[in-house]
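# A closer look at the structure
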Amino acid sequence: MILLTMTNRLALALLAPALVCAAAPAVPELWYNRPAANWNEALPVGNGQMGAMVFGGVQSERIQFNEATVWTGRPHDYAHKGASKYLAQLRELLFAGRQKEAEALAMREFMSIPVRQHAYQSFGDVMIDFGGLPANAAPASYRRSLNLDTGSALTRFTIDGVTYTREVFASYPARVIAIRLTASKSKKLSFTVTMKSTHADTKVSAAGDEVVLTGSPADSAIRFEARLRIILNGGGMTDHNGQLSVAAADSATLLLSAATNHVNFRDVSANPSERTRATLEALSKTSFRRLRNQHIAGHRRLFRRVSLDLGSSPAAALPTDERIAQFAAGNDPSLVALLFQYGRYLLIGSSRPGSQPANLQGVWNDSNKPSWDSKYTVNINTEMNYWPSWTANLAECQIPLFDALKEVARSGETTAREHYAAPGWVLHHNFDLWRGTAPINASNHGIWPTGGAWLAQHAWEHYLVTGDRTFLRDTAYPLMRGSALFFTEYLIPDPKRKWLISGPSNSPEHGGLVMGPAMDHQIVRNLFGNVIAASEILGIDPDLRAKLHDLRPRIAPNQIGRLGQLQEWLDDVDDPKNTHRHVSHMFGLHPGSEITPYGTPDLFAAVRKSLEFRGDEATGWSMGWKINLWARLLDGDHAYLILRNLIRPAIEGGKHRSGLYVNMFDAHPPFQIDGNFGAAAGIAEMLVQSHDPYATPASLTPVQRGQAGFIHLLPALPKAFPTGSVRGLTARAGFTVGISWRDGKLASASVRAAQSKPLKLRYAGEEVEIQAVAGRTYRLGPDLRYSTR
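Note that this is a predicted model, so its numbers are computed, not measured.

### Concerning the overall build of the chain
Helix and strand counts for the chain come out as 20 helices and 36 strands. Here the C-alpha atoms of the chain give a radius of gyration of 26 Å, agreeing with the 28 Å that 2.2 N^0.38 yields for 789 residues. Taking the principal axes of the C-alpha coordinates as reference, the chain spans close to 80 × 65 × 50 Å. Contacts in the chain between residues at least 24 apart in sequence constitute 68% of all its contacts with a sequence separation of at least 6. Accessible area for the chain stands at about 26,600 Å²; split by element, carbon and sulfur atoms hold 51% of it. Of note, the chain has its 82 positive side-chain charges centred 4 Å away from the centre of its 70 negative side-chain charges.

### A look at the pattern of salt bridges
Per the stated rule, a full pass over the model turns up 40 salt bridges. Notably, a salt bridge pairs Glu103 with Lys100, separated by 3.7 Å at the nearest N-O pair. Of this pair, Glu103 and Lys100 are both found in helix H3 (residues 99-109), 3 residues apart, which corresponds to roughly one turn of the helix. A salt bridge links Asp474 to Arg473; its shortest N-O distance comes to 2.7 Å.

### Describing helix H16 (residues 601-614)
The end-to-end C-alpha distance of H16, which contains 14 residues, comes to 20 Å, matching closely the 20 Å that a straight helix rising 1.5 Å per residue would cover. Tucked into the core, H16 has its buried residues touching strand S23 (510-514) and helix H17 (620-632). Immediately downstream of H16, the backbone of Gly615 shows phi near 90 degrees, a positive value.

### Things to note about the side chain of Glu685
Here Glu685 shows up in helix H19 (residues 674-687). Under the relative-accessibility criterion, Glu685 is labelled buried at 3%. In this structure, Glu685 is in contact with Thr391, His590, Asn628, Ala631, Arg632 and Pro715, ignoring residues within four places of it in sequence.

### Re the packing of helix H14 (residues 518-538) against helix H15 (residues 542-551)
As a packed pair, H14 and H15 sit with axes 10 Å apart at the nearest point and diverge in direction by 150 degrees. As judged from the angle between their axes, H14 and H15 are roughly antiparallel. For the element pair H14 and H15, the recorded crossing hand is left-handed. Here Phe528, Val531, Ile532, Ser535 and Glu536 of H14 lie close against H15, whose contacting residues are Leu544, Arg545, Leu548, His549 and Leu551. The residue makeup of the contact of H14 with H15, split by class, is 6 nonpolar, 2 polar and 2 charged.

### Some points on the nonpolar core
Counting residues in each nonpolar core, the largest one holds 229 residues, and the members touching the most others are Phe65 and Phe191. Membership of the second largest hydrophobic core comes to 9 residues, among which are Ala174, Ala178, Phe288 and Leu291.

### Comments concerning the pairing of strand S14 (residues 236-240)
By the bridge criterion, 5 bridges tie S14 to strand S15 (residues 243-249) in an arrangement that is antiparallel. Looking across to S15, one finds that Met237 is bridged to Val246. In textbook terms, the turn of a hairpin is the stretch between consecutive antiparallel strands, and for S14 and S15 this stretch comprises 2 residues, one of which, Asn241, has a positive phi near 50 degrees.

### Focus: the sheet that holds strand S12 (residues 210-216)
The 9 strands lie next to each other as S1-S6-S7-S8-S9-S16-S13-S12-S11, forming an open sheet whose pairing is antiparallel. Among the strands making up the open sheet, the edge pair consists of strand S1 (29-32) and strand S11 (201-207). Pairwise comparison of adjacent strand axes, ignoring direction, gives a mean angle of 15 degrees for this sheet. With 7 bridges joining them, S11 and S12 adopt antiparallel strand pairing. Directly across from Asp201, in S12, lies its bridge partner Ser216.

### A few points about the confidence of the model for the chain
Of all residues in the chain, 95% have pLDDT values of 70 or greater, and the mean over the chain is 94. Counting contacts from residues 1-25, a segment whose pLDDT is below 50, to residues more than four positions away or on other chains yields 54 contacts.

### Observations concerning the sheet that holds strand S36 (residues 786-788)
Taking strand neighbours across the sheet as the criterion, the 6 strands line up as S17-S30-S31-S32-S35-S36 in an open arrangement whose pairing is antiparallel. On the outer flanks of this sheet lie strand S17 (307-309) and S36, each paired with one strand and no other. Mean inter-strand twist for the sheet, computed between neighbouring axes without regard to direction, equals 20 degrees. Two strands pair when backbone bridges link them, and strand S35 (residues 777-780) and S36 are joined in this way by 3 bridges, in the antiparallel orientation. Bridge assignment links Arg779 to a residue of S36, and that residue is Ser787. Relative to strand S30 (residues 724-731), H19 is tilted by about 105 degrees, and along the sheet it contacts S17, S30 and strand S31 (735-742).

### Digging into unusual backbone geometry
Put simply, Ile113 and Pro114 share a cis peptide bond, and its omega is -5 degrees. Tracing the backbone shows Pro114 in the loop between H3 and strand S5 (124-129). Following His590, the chain continues to Pro591 via a peptide bond in cis, the omega torsion being 10 degrees. You can see Pro591 is positioned in the loop between H15 and H16. Located in the positive-phi region is Asp160, a residue other than glycine, with phi close to 50 degrees. With respect to the helices, strands and loops of the structure, Asp160 is situated in the loop between strand S7 (152-159) and strand S8 (162-171). Accessibility expressed as a relative area gives 63% for Asp160, which makes it exposed. Phi at Met664 is positive, roughly 70 degrees, even though this residue is not glycine. By the secondary structure assignment, Met664 is in the loop between strand S26 (659-660) and strand S27 (666-667). Note on Met664: relative accessible area 0%, which makes it buried.

### Re the environment of Leu780
Summarising the element assignment, Leu780 is placed in strand S35. The spatial distance from the C-alpha of Leu780 to the C-alpha of Asp637 is 26 Å, given a sequence separation of 143 residues.

### Considering the packing of aromatic side chains
Using the criterion set out here, one finds 29 aromatic pairs in the structure. Taking the centre distance of 5.8 Å and the plane angle of 50 degrees together, the rings of Trp39 and Phe665 count as tilted. With Trp39 in the loop between S1 and strand S2 (43-46) and Phe665 in the loop between S26 and S27, this residue pair connects regions lying 626 residues apart in the sequence. An identical accessibility class is assigned to Trp39 and Phe665; each is buried. In this arrangement the basic side chain of Arg344 is found over the ring face of Phe303, its NZ or CZ atom lying 5.4 Å from the centre. In this structure, Arg762 packs its charged tip against the face of Phe710, placed 4.2 Å from the ring centre.

Scoring rules and cut-offs
- Residues numbered from 1 in each chain as written.
- Predicted model: local features only at pLDDT ≥ 70, side-chain atom pairs only at ≥ 80, totals over all residues.
- Heavy atoms only, no water.
- Helix = DSSP H or I, 4+ residues; strand = E, 2+ residues; numbered from the N terminus.
- Rg over C-alpha atoms; globule rule 2.2 N^0.38 Å.
- Contact = heavy atoms within 4.5 Å.
- Areas by Shrake-Rupley, 256 points an atom, 1.4 Å probe, with all protein chains shown as cover.
- Lys, Arg positive; Asp, Glu negative; His and termini not counted.
- Charge placed at Lys NZ, Arg CZ, Asp CG, Glu CD.
- Salt bridge = Lys/Arg side-chain N within 4 Å of Asp/Glu carboxyl O.
- Expected span 1.5 Å × (residues − 1).
- Buried < 20%, exposed > 50% of the residue type's maximum accessible area, 1.4 Å probe, protein only.
- Axes fitted to C-alpha atoms, helices over the stretch in contact; angles between N-to-C directions.
- Parallel < 35°, antiparallel > 145°, perpendicular 65-115°, else oblique.
- Left-handed = near helix turned anticlockwise from the far one by under 90°.
- Nonpolar A, V, L, I, M, F, W, Y, C, P; charged D, E, K, R; others polar.
- Core = buried A, V, L, I, M, F, W, Y, C linked by side-chain atoms within 4.5 Å.
- Pairing = 2+ DSSP bridges.
- pLDDT = per-residue confidence, 0-100.
- Phe/Tyr/Trp six-rings, centres within 6.5 Å; stacked < 30°, edge-to-face > 60°.
- Lys NZ or Arg CZ within 6 Å of the ring centre and 35° of its normal.

Printed below as a string of structure tokens:
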């Protein structure tokens, strides 16, 4: 596990200056005037390892909760032993145009065993019944809210002159979910609390001041325990039949701890009961005020790094569900800012050091059969989860991903050997808690070997943002190097063109099993360039560096097809009527950087043509990607058009569609959290863009070197945001950026340097280069003239 204490002073220097940024001008919150009617209306809190959904009922409260290691399955090697002996035959069939035969052979002899991975599970529910409230009394002044700045869900209403308040938050420092119940008059708080679970193998007991839920999911080696402790102020408490009853209290604090026996992907020997007891015992002398203050301080240390003001409108006074419904009728720029900050909030809540990475639903899931198993889908979705960590100043939220990748790489070494007879490690398009890396589901889309190479980009990007050489040496470089070693063996010459190509593979998730999809080549070029640059920075691996120098220019290049489009495959077969949700071959534009308006204008135009063909409607996460792509195309108005398509009710006339649920969760549909993260990253890309400042002649083509490392201010500002400001966005090479603009034009900018590096800025055709000094802030006007502080 990577510990924050290992992060060097350069990384901390990057993060600390952003703390001077004040909170957003208005409290960023979601709020409603009624309780949640279903799970997609409940409000999320999370601390990485645990998550909870708060419903805000009046007579009863439901708090559905998760713990990140509650999965089906058990330690298991998914590799198909001896699959590599069929690799040459698969390639021969594909080169001969016999795709269906190749797919059939692969299904028999090349897929994961078993062919599917395991699923993330719900844990249980805290059920609080307020039987003492008048049964038919209508609450006055009901308000349910999620304060993004404090990380707390609040429910408040008045009945018979008594105001009842419930506050729920997930404390990262304390590793608990805290529930605070108060009444405005003494002795008015009476309730019964228990826990339940949808898993068949569970038991609930109550004794003294605790309720305990134990059990195990079906088909799982995971054992779990949740322990709920009640601390009263006034009143009395009794236990009976697995529940605790409280009478005539003034206030109550409920602390929920949850744990499993999971240690790592090969070890399930921990004692969950010991873990929950230890967590609660550590809080035995902690007051609620201190617990809350520690939670808020830890949350704000991350959340307040960035503020965003895009302007306001009368709609800002409405409940959040009404704002979503009315967004299409008129501009509500502060709702866009709220969506941006909500994406940051969700990443803080679902991915913290010591936890599992954010999965397809972050850490929130109420089903034991979630869509796509709520796994880690790595042909776009897991990567998109972490895009805000680059630009939205949440670098350490990526640490759980790197912890997981260390395990994935160990599993991937077996898969590389058994499936490809290759060195290094490989990951196909999914992994689970047990770190399966072999191809799953079906051969027409499951055989896609560049998932690990794409995720290795995140390790490099983490270094670019933080400048942490220790991380580069000990974590990023070993991951990137192992992935690159695999591809030095896996790439083969195309018999027609003599380029090096990938295959068997696919262009996610359509077109079937093929040789040489463009996305693979873009990802591998990116990987090789990053390894070359990293090895030069570290002064190691000259032989591997020389080998990658030789191989990289021989990889099949990007091609422009007959329609002026960027080709998705080796042959020019793109269908202009194809509106598939995946836009895989545009990786080179975003999140890659080999296609730019300054270095590769012809390819830049070809990407635009391809994106036009794909259309503006898509699933929620696909629209998240398209926002980023249109921003990289420097077309802010088109990026905003996609954003408008996303900010709409996900249920209309009883039918589900892409958009936002009442609680602003992204709808694929159903709920997938990657769309929230993609939208947040895309909004940041409209305001600030940066490219790899460490790119060397070895890692870029000559035509691209001239634009490497520039920070582009307001590159894709939509007309819908004529005036605004942002503070705390991060750019590659460790710069923290603030911008103010009026009437669509830059008014001022400030850039704080965490490292002594060249600072190259671009705005409206003007460019400036400054030899930045670590710790200094550079203030600039619209003409890019600057002063230092």
